[in-house]
Amino acid sequence: MARDRRPAKAPKAPKVRKAELTRTVEEFEAAFWPDEQPVDNAVVMTMGALHDGHAALIRAARRQVGRDGRVAVTVFVNPLQFGAGEDLDRYPRTLDADLALAEEAGADVVFAPTAEEMYPNGEPQVRLAAGPMGAGFEGASRPGHFDGVLTVVAKLLHITDPDFAFFGEKDAQQLALIRRMVADLDFDVEIVGVPTVREEDGLALSSRNRYLSEDERKQALALSRALFAGRDAGAQGATAVREAATAALAEADGITLDYLALIDPDTFTEAPDDFQGEAVLAVAAKVGSTRLIDNTGVICR
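Residues numbered from 1 in each chain as written. Predicted model: local features only at pLDDT ≥ 70, side-chain atom pairs only at ≥ 80, totals over all residues. Heavy atoms only, no water.

### Looking at the packing of aromatic side chains
Here's step 1: If you walk through the whole model with that rule in mind, you get 8 aromatic pairs.
Here's step 2: Here Phe76 and Tyr119 contribute two aromatic rings whose centre-to-centre distance is 6.1 Å and whose plane-to-plane angle is 55°, an arrangement assigned as tilted. Of this pair, Phe76 sits in the loop between β3 (70-75) and α3 (95-105) while Tyr119 is found in the loop between α4 (115-118) and α5 (138-141), placing the two residues 43 residues apart along the sequence.
Here's step 3: The class of Tyr119 is buried, set by a relative accessible area of 8%.
Here's step 4: What links up through ring pairs into an aromatic cluster is the set Phe28, Phe32, Trp33 and Phe111.
Here's step 5: The cationic tip of Arg90 hangs over the ring face of Tyr211; the distance from NZ or CZ to the ring centre is 4.0 Å. (Phe/Tyr/Trp six-rings, centres within 6.5 Å; stacked < 30°, edge-to-face > 60°. Helix = DSSP H or I, 4+ residues; strand = E, 2+ residues; numbered from the N terminus. Buried < 20%, exposed > 50% of the residue type's maximum accessible area, 1.4 Å probe, protein only. Lys NZ or Arg CZ within 6 Å of the ring centre and 35° of its normal.)

### Quick notes on helix α1 (residues 25-32)
Here's step 1: Among the residues of α1, Phe28, Ala31 and Phe32 are the ones counted as buried. Mapping the buried residues of α1 onto a view down its axis gives an arc of 90°, with all of them on the same face. Of the exposed residues in α1, the ones pointing more than 90 degrees away from its buried face are Glu26 and Ala30.
Here's step 2: In the core, the buried residues of α1 are packed alongside β1 (20-22), β2 (41-46), β3, β4 (109-111) and α6 (145-160). (Arc of directions from axis to C-beta. Contact = heavy atoms within 4.5 Å.)

### Examining the sheet that holds strand β10 (residues 290-300)
Here's step 1: Strand order in the open sheet formed by 4 strands is β8-β7-β9-β10, with antiparallel pairing between adjacent strands. Two strands bound the open sheet, and with one partner strand each, they are β8 (269-270) and β10.
Here's step 2: Where strand β7 (residues 255-264) and strand β9 (residues 277-287) come together, 8 bridges link them in antiparallel fashion. Counterpart to Leu260 in the pairing with β9 is Val283.
Here's step 3: Against the sheet, helix α8 (residues 214-232) touches β7, β9 and β10, its axis set at about 160° to β9. (Pairing = 2+ DSSP bridges. Axes fitted to C-alpha atoms, helices over the stretch in contact; angles between N-to-C directions.)

### Considerations on the pattern of salt bridges
Here's step 1: Counted by the stated rule, this structure contains 13 salt bridges.
Here's step 2: Between Glu138 and Arg291 there is a salt bridge; the shortest N-O distance is 2.8 Å. Taken together, the residues Glu138 in helix α5 and Arg291 in strand β10 connect sequence positions 153 residues apart.
Here's step 3: Assessed through its relative accessible area of 6%, Glu138 is described here as buried.
Here's step 4: Of the charged contacts in the structure, one is a salt bridge between Arg242 and Glu270, with a shortest N-O distance of 3.2 Å. Separated by 28 residues along the polypeptide, Arg242 in helix α9 (residues 238-250) and Glu270 in strand β8 bring together distant segments of the chain. (Salt bridge = Lys/Arg side-chain N within 4 Å of Asp/Glu carboxyl O.)

### Digging into the nonpolar core
Here's step 1: Core analysis: the largest hydrophobic core is formed by 44 residues, its most contacted members being Met118, Val153, Leu157, Phe167, Met181, Val182 and Ile191.
Here's step 2: Elements represented by at least two residues in this core include exactly α1, β2, β4, α6, β5 (164-168), α7 (172-184), β7 and β9.
Here's step 3: Other than its neighbours up to four places away in sequence, Met118 contacts Phe76, Phe111, Pro113, Val152, Lys155, Leu156 and Ile159.
Here's step 4: Among the nonpolar cores identified, the runner-up in size contains 25 residues, and Ala220, Ala226, Ala238 and Ala279 belong to it. (Core = buried A, V, L, I, M, F, W, Y, C linked by side-chain atoms within 4.5 Å.)

### Overview of unusual backbone geometry
Here's step 1: At Asp161, a residue that is not glycine, the phi angle is positive and equals roughly 50°.
Here's step 2: Take Asp161: it is sitting in the loop between α6 and β5.
Here's step 3: Positive phi values are uncommon outside glycine, yet Asp186 reaches one of about 60°.
Here's step 4: Considering the arrangement of structural elements, one finds Asp186 in the loop between α7 and β6 (190-194).
Here's step 5: We classify Asp186 as exposed; its relative accessible area is 67%.

Structure, rendered in structure tokens:
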């Protein structure tokens, strides 16, 4: 039998990407859909100040759509989701660094509109309401926050028109509300959650971590320790989960607790003591003047 002397096909070289910065809807549309070729598209929505957690979202989006798909990253500090006295004015704006990180992680286009581009008629008079799922926990601590989140997410889904949208599981209530909005209002997009990225010591990555002093950062580790203690008690039931997490936080210094809750992920209400199955153990607290949130999945038996 004759040998096949055809040279083996060389593997495709990695595609060299340079993320294009766009500031208007018109620029974005021209950059994100440069031709009529049908490919999968994905979007990662951020408020900038990108870190390795955002990079994980972008890389997950790239894996989903493949080498030839298109990945967009939005960078917009949305004023609608900030309440009185919150950190809108001091929220970090690092667009040059954000563009570099997005490009390295695999983005094709970065859409960084101004508030005037997103809301050309001023603050919108008609907004989405988060409803009962958004009333507790973060919604109770930050009234109106989720209405602003869902309104901007809906607008960005219309603008980017993706097949997939990627969000971090660290913002568990936000992710649950976006999924419910997509289901209830028939958005043609698949919402993909990506696990929380943590430092080696367990601290969840957050754009707000940069506000922490060295001592405050050490104090903030109590949040993840409490979550992990509760998670490890899951086999003993919901009550044991709460007790273990509460005990761990009781030993912490410098923490002003907002809430520590075991949550039914389907309704985002407090799980009863006899709850069994997958739950979310969530915490929100101030460390110094910086408000942090974190959560972990728990299996209650």
